[in-house]
Amino acid sequence: MPGILPLNRRTALGLGAGAIVTGFNPAFARSLGRNSAPDWAGEPMRWFQLAFTEDDPGRYDPAFWIDYFRQIHADGVCLSAGGGIAFYPTAIPYHGMAQGVGKDVDPFGDMVAACKKLGMRVLARIDPHAMNAAAAAAHPEWALTGQDGKIKRHGSAPDLTLTCAYGPYNFELMPKVIEEIARRYPIDGFFGNRWNGSGTCYCQSCKTLYRAATGQEIPADPDPSKPEGRLYADWIEQRSFALIDLWNEAARKYRPQAFFIPGGDRRGLVDLDGPALSKRLPLAFCDRQARSAIHSTWATGPEVWGAGRYTRELRAFMQDKPVGHIISVGVEEAYRWKDSVQDPAEIQIWAAGAIAQGARPWITKFNAKPLDLRWMDVVRQIYGWHHANEDYLRNTQNLARIALVHAPTTTAYLGGWTKREELERHGAGFYQAALESRIPFDLVDEGFLDQASLSRFRTIILANAAVLSDAQCDQIRAFVARGGRVVATYQTSLFDGEGRQRPDFGLADLFGCSVAGKPEGPLKNAYLTLRHTHPAMAQLGKVSRTIGPLHRQPVTARNPADVALTLVPTYPDLPMERVFTDKRDTDIPMAICRQVGQGRVVYLPMDLDRTFAELSHGDHLRLMQAMLEWAHDESHPLQIDGPGLLDIACWRQEKSVTAHLVNLNNPMAMRGSYREAIRTGPYRVRLQIPQDRRAARARLLTADVTAPMQSSDGWVEVEVPYVDFHEVVAVDLI
């Protein structure tokens, strides 16, 4: 099982919040409202994680690390504590300790005390995914078990046994570990590594609990594209949330303000139900530590803007709560060089992308006895800059007026485990198009389509958000009624919240069309014809036709005047003498752009976004730009003129507004690793000022200079001579 999958409903399964969970307290879960969690918004801005190895006790130098934390102005630290391997003298049976730890050797406790003297926040890292041989022998019921009934060993350390995340190891043993740590040490919270398991488990505990909850057996193939897979994934989500609640309760037994924070990457964390997860967390961290082939997908590639993308995905459900991005100083590849060091440029560009999109940096280092110190200078530089400009990085609001809806339910329900990455290309295509167009945009989670969450946006993009519930369709309809704009592609809303195909689009009234057949594709040698009489195509007067998409959803348009693009159907591409067609113009709609009350809707019954992600054809970029601009029909709050490819963002702080420019102009942008920054510029930056404020001065934070500015009609204009990795235009407000 490659990760926990998105589930937005409890449906007829009857999975009540506390019905299937040992040790779960429903009253505690109900108390986890958005305002009940400790407020970490004003807390640590720069995190560091020191991950101990078993041979560290007695062999590493604590003073070395404390001095370094002081040098880099780290104000939060995550230290290895317990779980499979304890780095403090535990009294809990079968909670295995690292070699050398004992009554007088307590590496975790020593580091906690020293970090607290520096005024740092401390997270205790717990990792429950494996247990030692003694624990496995005494408690075989704790083990991850295959369908054949055999327990599963750790792939890298065969003396360890993988644990079941959904049974007594996590629900009975780990709360004791959390309570013991919280009782003994002045920690502020817990961070869980691999807390949600290592795959589908068929242990007796899981089978019993699953049968009691659903009346069924755990499926042999729990792929979420199948009904039995969705049922299982729903149960996994319930268990996962119950585990978060239980561990939160254990943490607060002795530390009332402490909290459990689950570690995870895009699959393991963001794909859980967004609103339910956000309600439980005071902050969250993205565990995509570097560019790598293993983290890349067919849908995205190892793109250099990945750090910004993963940060946006985290904020899509955390909304106004703080997020961090875990950044490794090592090479993150399948070959697992954990003592490696990346080129400084690669660390810098990854950190720049995360910071620009609102993340608080978290540098992680495995092994407290570092073998290669070259990373320390570049981290010192990044954190020193971050500390010096902290006031301009405590963001209160992203100012983008366009949101790309993050829709993992569609990719899970329709793509499952085998075609999920293909479906992710829709979102990846629009993401890249907005990036190349220098359009400030944000991501919003599919669970937050309510009026309050969408109020700051004028336009939302539904990149093949095929699975939408009736309630979500109603929310989108209400958004347009309030004057909102929608750009949607391919099969958006064709499937209901359970993944069942509707007879017509759930948003057919907004799209101005109805389904007229099964999807077609891949289309070869097909083309798009532009109707320049439609205002959405007005700026593309020199383009009469261009290559078509790879797939289309046949539709019938209700008003031919709304059609801005039509299809030239497939015709022969060989032999060369047969490359012609007499169907140069048709009425087959490929873009329907219409006014709907005070709002506007663009619907593309094709996978133009997915095709662009694969081919990066310039005309497809121009088409998406044109239709997005027609729909949005408003000036963007950040406008940048200058050369090349940038990742941009604009933010509001308490006393300022900022514009971030991340320089992606590099021949290594679409692979790794960066070797150097290629200086690019100049840029002219125009930034909109809040209506009730005036601009006092402008600064370039990386260049560390005051910048001349021109101010008029609510806008500030600043010249940026060049950007190496990352420049921030900061405008003080009065």
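Only a predicted model underlies this, so the values are computations on that prediction, with no experimental measurement involved. (Residues numbered from 1 in each chain as written. Predicted model: local features only at pLDDT ≥ 70, side-chain atom pairs only at ≥ 80, totals over all residues. Heavy atoms only, no water.)

Novice: With reference to specific residues and values, describe the sheet that holds strand β11 (residues 397-398).
Specialist: What holds strands together in a sheet is hydrogen bonding between their backbones, with the strands either parallel or antiparallel. Strand order across the open sheet formed by six strands is β11-β24-β25-β31-β27-β28, with antiparallel pairing between neighbours. Unpaired on one side and paired on the other, β11 and β28 (705-707) mark the two borders of the sheet. With seven bridges joining them, strand β24 (residues 646-652) and strand β25 (residues 656-663) adopt antiparallel strand pairing. Paired with A649 across the strands is H660, a residue of β25. (Pairing = 2+ DSSP bridges. Helix = DSSP H or I, 4+ residues; strand = E, 2+ residues; numbered from the N terminus.)

Novice: Could you give me a rundown of the packing of aromatic side chains, with the residues and numbers involved?
Specialist: Counted according to the given criterion, the structure contains 31 aromatic pairs. With 5.4 Å between their ring centres and 35° between their planes, Y335 and W337 make a pair best called tilted. Overall, the relative accessible area of 47% leaves W337 in the partly exposed class. Members of the aromatic cluster, connected to one another through ring pairs, are F48, F64, W65, Y68, F69 and W375. Above the face of the F441 ring, R312 is positioned so that its terminal group lies 4.0 Å from the ring centre. Over the face of the ring belonging to W630 we find R600, whose NZ or CZ atom lies 4.5 Å from the ring centre. (Phe/Tyr/Trp six-rings, centres within 6.5 Å; stacked < 30°, edge-to-face > 60°. Buried < 20%, exposed > 50% of the residue type's maximum accessible area, 1.4 Å probe, protein only. Lys NZ or Arg CZ within 6 Å of the ring centre and 35° of its normal.)

Novice: Quick rundown of the pattern of salt bridges? Include the residues and the values.
Specialist: Applying the stated rule across the entire model yields 48 salt bridges. Where D377 meets R380, a salt bridge forms, and the shortest distance between an N and an O atom there is 2.5 Å. With D377 and R380 both in helix α12 (residues 375-388), this residue pair falls three residues apart, about one helical turn. What makes R380 partly exposed here is its relative accessible area of 28%. As a salt-bridge pair, E614 and R425 come within 2.9 Å of each other at their nearest N and O atoms. Of this pair, E614 sits in helix α18 (residues 608-615) while R425 sits in helix α14 (residues 420-436), placing them 189 residues apart in sequence. One connected set of salt bridges, linked through shared partners, spans E43, K116, R121 and D188. (Salt bridge = Lys/Arg side-chain N within 4 Å of Asp/Glu carboxyl O.)

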